[in-house]
Amino acid sequence: MVLQVNMAADRRRLQVEIDRTLKKVNEGVDAFADVWHKLSVVSSRTETPNATSMNQKEKYEQELKKEIKKLQRLREQIKTWQSSSDIKDKKPLTEARKQIETQMERFKVIERETKQKPYSKDALGNTYKYDHLDLEKEEINQWIQTSNSRLTTQIEDLETKLEDLNSNKKKRMDKERIESTKHRIDVNKKYIDKLEKISEMLKKNLINVKKVQDIKDDVEYYVDNNDDSNLPENLDELDIFDNLDLDKYDDSNGSSNLLTFK
């Protein structure tokens, strides 16, 4: 009996520690995003940066480095918990680790820039302008990953719901709900496919960032409200992606007839 009480107390302490760490991850990701935004603003402020703007840029780069190190330490703790058999529900840990690794990928962009000499021709010229465009692309890719993560979670929940409906003895009475759930799973998967294609096109400079930014509100509305029976038809039918001409891009052979955007 005493052993059971002690084990229960250990589990509670572990859960408290996990919750505290997950909270730190969310705070760390927010802090990283805040500094990233400030760096983006400085990078886009002027075509020909002066010493002041370069100093600000360097300051924010150092702040990003500090924030990413904090997140990496949290990631190591999360990896330890993920390998532990004492923790049954590891989904929050997996999501937190994905969040951290997304920021790590974004930070690699900054690392490439800081390896250049601060006042070299590249750093003060074309690369500096590219830095802003790259930041915008990274912002969009971050948003795509977050959106797809939420859509994937929704699919998992819907598939569980579908299993319950199919196992119901009154399955015939639930036919409409079964079809509706199947449809929502299918549309979610199509959204994920579209967004992944956009991400690939961004990496290869095959799509204009501004065009992608123009559909953000509609995509976010779908992700937030796709359980609403009154969902606008253009969102349910994926019409919002039409202007992006995604069908012209064929990822299977890595080729495209699209123009390269800078």
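The rules behind these values
Residues numbered from 1 in each chain as written. Predicted model: local features only at pLDDT ≥ 70, side-chain atom pairs only at ≥ 80, totals over all residues. Heavy atoms only, no water. Helix = DSSP H or I, 4+ residues; strand = E, 2+ residues; numbered from the N terminus. Contact = heavy atoms within 4.5 Å. Areas by Shrake-Rupley, 256 points an atom, 1.4 Å probe, with all protein chains shown as cover. Phe/Tyr/Trp six-rings, centres within 6.5 Å; stacked < 30°, edge-to-face > 60°. Buried < 20%, exposed > 50% of the residue type's maximum accessible area, 1.4 Å probe, protein only. Lys NZ or Arg CZ within 6 Å of the ring centre and 35° of its normal. Polar contact = N/O pair within 3.5 Å; in protein donor to acceptor, adjacent residues only side chain to side chain. pLDDT = per-residue confidence, 0-100. Expected span 1.5 Å × (residues − 1). 1 Å grid on protein atoms, 1.4 Å probe; cavity = no way out; pocket = protein on both sides within 12 Å on 5 of 7 lines; lining within 4 Å. Points joined across faces, edges and corners; volume = space filled by probe spheres on them. Nonpolar A, V, L, I, M, F, W, Y, C, P; charged D, E, K, R; others polar. Salt bridge = Lys/Arg side-chain N within 4 Å of Asp/Glu carboxyl O.

**As for the overall build of the protein chain**
- Assigned secondary structure in the protein chain consists of eight helices and two strands.
- Helices and strands appear in the protein chain in the N-to-C order α-α-α-α-α-α-α-α-β-β.
- At a minimum sequence separation of 6, the contacts of the protein chain that also span at least 24 residues come to 73%.
- Split by element, the accessible area of the protein chain, about 16400 Å² in all, is 46% carbon and sulfur.

**Topic: the packing of aromatic side chains**
- Counted by the stated rule, this structure contains three aromatic pairs.
- The interplanar angle of 70° and the centroid separation of 5.4 Å between the aromatic rings of Tyr191 and Phe241 together place this pair among those described as edge-to-face. Separated by 50 residues along the polypeptide, Tyr191 in helix H6 (residues 175–203) and Phe241 in the loop between helix H8 (233–236) and strand S1 (249–250) bring together distant segments of the chain. The exposure classification of Tyr191 matches that of Phe241, with both residues buried.
- Among the aromatic residues, ring-to-ring pairing joins Tyr191, Tyr222 and Phe241 into one connected group.
- Over the aromatic face of Trp36 sits the side chain of Arg106, whose NZ or CZ is 4.4 Å from the ring centroid.

**Observations concerning the side chain of Thr102**
- Looking at the secondary structure, you find Thr102 in helix H3 (residues 91–114).
- A polar side-chain atom of Thr102 sits 2.9 Å from a polar atom in the side chain of Gln145.
- Thr102 has contacts with Gln142 and Gln145, leaving out every residue within four places of it along the chain.

**Observations regarding the confidence of the model for the protein chain**
- Of the residues in the protein chain, 79% reach a pLDDT of 70 or more, and the chain-wide mean stands at 81.
- Below pLDDT 50 for its whole length, residues 117–130 participates in 26 contacts with residues either more than four positions away or in separate chains.
- Note that pLDDT drops below 50 for residues 252–262; the model gives that stretch 23 contacts with residues more than four away or on any other chain.

**Considering H6**
- Between its first and last C-alpha atoms H6 spans 43 Å; for 29 residues at 1.5 Å apiece the expected length is 42 Å, and the two agree.
- Immediately beyond the C-terminal end of H6, within one or two residues, lies Asn205, with a positive phi of roughly 55°.

**Overview of the layout of surface pockets**
- Of the pockets and cavities examined, the largest pocket occupies roughly 430 Å³.
- Lining the largest pocket are 18 residues, with Glu95, Lys98, Gln99, Gln145 and Ser149 sitting closest to its centre.
- Elements that contribute at least two residues to the lining of the largest pocket include exactly helix H1 (2–44), H3 and helix H5 (126–167).
- The residue inventory of the lining of the largest pocket, partitioned by class, reads three nonpolar, 11 polar and four charged.

**Points about the pattern of salt bridges**
- The full count for this structure, using the stated rule, is 15 salt bridges.
- For Arg97, the salt bridge is made with Glu101, and the minimal N-O distance between the two is 2.8 Å. You can see Arg97 and its partner Glu101 sitting in helix H3, four residues apart, about one turn around the helix.
- Overlapping salt bridges bring together Arg75, Glu76, Lys79, Arg97 and Glu101 as one network.

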